[in-house]
Amino acid sequence: MRQAPAYVPGHQLLAGKSVLITAAAGAGIGYAAAKRCAEEGCRALMISDIHPRRLEEAVERLKAETGLQAIYGQLCNVVVEEEVQALVAAAEQTLGGVDVLINNAGLGGQKRVTEMSDEEWLRVIDVTLTGTFRMTRAMLPHMEKRGTGAIVNNASVLGWRAQKEQAHYAAAKAGVMALTRCSAVEAAEHGVRINAVSPSIALHDFLKKASSQELLEQLASREAFGRAAEVWEVANVMIFLASDYASYMVGEVLSVSSQHA
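Parameters at a glance
- Residues numbered from 1 in each chain as written.
- Predicted model: local features only at pLDDT ≥ 70, side-chain atom pairs only at ≥ 80, totals over all residues.
- Heavy atoms only, no water.
- Axes fitted to C-alpha atoms, helices over the stretch in contact; angles between N-to-C directions.
- Helix = DSSP H or I, 4+ residues; strand = E, 2+ residues; numbered from the N terminus.
- Left-handed = near helix turned anticlockwise from the far one by under 90°.
- Contact = heavy atoms within 4.5 Å.
- Pairing = 2+ DSSP bridges.
- Parallel < 35°, antiparallel > 145°, perpendicular 65-115°, else oblique.
- Nonpolar A, V, L, I, M, F, W, Y, C, P; charged D, E, K, R; others polar.

Visitor: Which residues make up the packing of helix 1 (residues 29-39) against helix 2 (residues 52-66), and what are the values?
Guide: Close contact between helix 1 and helix 2 brings their axes to 10 Å; oriented N to C, the two are set at 40°. Classified by chirality, the crossing of helix 2 by helix 1 is right-handed. Touching Tyr-31, Ala-34, Lys-35, Ala-38 and Glu-39 of helix 1 are Ala-58, Arg-61, Leu-62, Glu-65 and Thr-66, all from helix 2.

Now the structure itself:
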């Protein structure tokens, strides 16, 4: 197994930009992306989450770790349209316009199709796919009016590949990919770029709690490097797509995976 590389320092890829990230108060990809945005020179950052205490702690931790003080938190459940609209309005006002939106909110689980209830299916779809749609729908008019902006969605390799007990999550992530491609074509007419990342397995505390050690080891063994990704390795690709280095990329879904073909 190859060890993870050293943490790469920031290169000001988002200098002068403002960023909004959903579901970024935990220990996963969202928080890693928020930290990386600050390290890459964004001028202001807003993160959302559904947990008040965790959100407040995340904001203070980000300020301490990155030195950026223009970091704000806003409670938002992406399944509630009123909260989505309130989040976008707050970000537009507080940040002076949003240059980058990272749609990170998602929900998984493990259940066989024959044992899955309608409620379990719909909950994953509502958070992961429809939540991404709601955020995109709310933010796009603002970006299109300014004629610039970038949206980065968090998909998954399960949108392409099969894994048992993941039908709801895989269907939702495949939907995120399709939403990315179709909305990107519409947004490009107004100078806005929409792309997505497609991670395989990135280890963080919530995933460790939600999955068995046996499953995590099995998934990691399928990777060419013999290990799971670090959350910041996924965040790095999000930052690239959000930056001007990806200025000609529209509707792309980049795999962040070392899985064997």
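Visitor: Give me the lowdown on the sheet that holds strand 5 (residues 149-154), citing residues and values where you can.
Guide: In spatial order, the strands read 3-2-1-4-5-6-9; together these seven strands make up an open sheet with parallel pairing. Sheet topology places strand 3 (71-75) and strand 9 (253-256) at the edges, where each strand pairs with a single neighbour. Shown here is a sheet whose adjacent strand axes are inclined to one another by a mean of 20°, direction ignored. Two strands pair when backbone bridges link them, and strand 5 and strand 6 (residues 192-199) are joined in this way by six bridges, in the parallel orientation. Looking at strand 6, one finds that Ile-151 is bridged to Ile-194. Packed on one face of the sheet, helix 1 meets strand 1 (18-21), strand 2 (44-49), strand 4 (100-103), strand 5 and strand 6 and runs near 170° to strand 1.

Visitor: Mind laying out the packing of helix 4 (residues 118-146) against helix 5 (residues 167-188), listing which residues take part and the relevant values?
Guide: Closest axis-to-axis distance for the helix 4/helix 5 pair is 8 Å, and the angle between their directions is 15°. In terms of orientation, helix 4 and helix 5 fall into the roughly parallel class. Crossing of helix 4 over helix 5 shows right-handed handedness. Packed against helix 4, whose contacting residues are Glu-120, Trp-121, Val-124, Ile-125, Thr-128, Leu-129, Thr-132, Phe-133, Leu-140 and Glu-144, the element helix 5 presents Ala-167, His-168, Tyr-169, Ala-171, Ala-172, Lys-173, Gly-175, Val-176, Leu-179, Glu-186 and Ala-187 at the interface. Split into classes, the residues belonging to the contact of helix 4 with helix 5 amount to 13 nonpolar, four polar and four charged.

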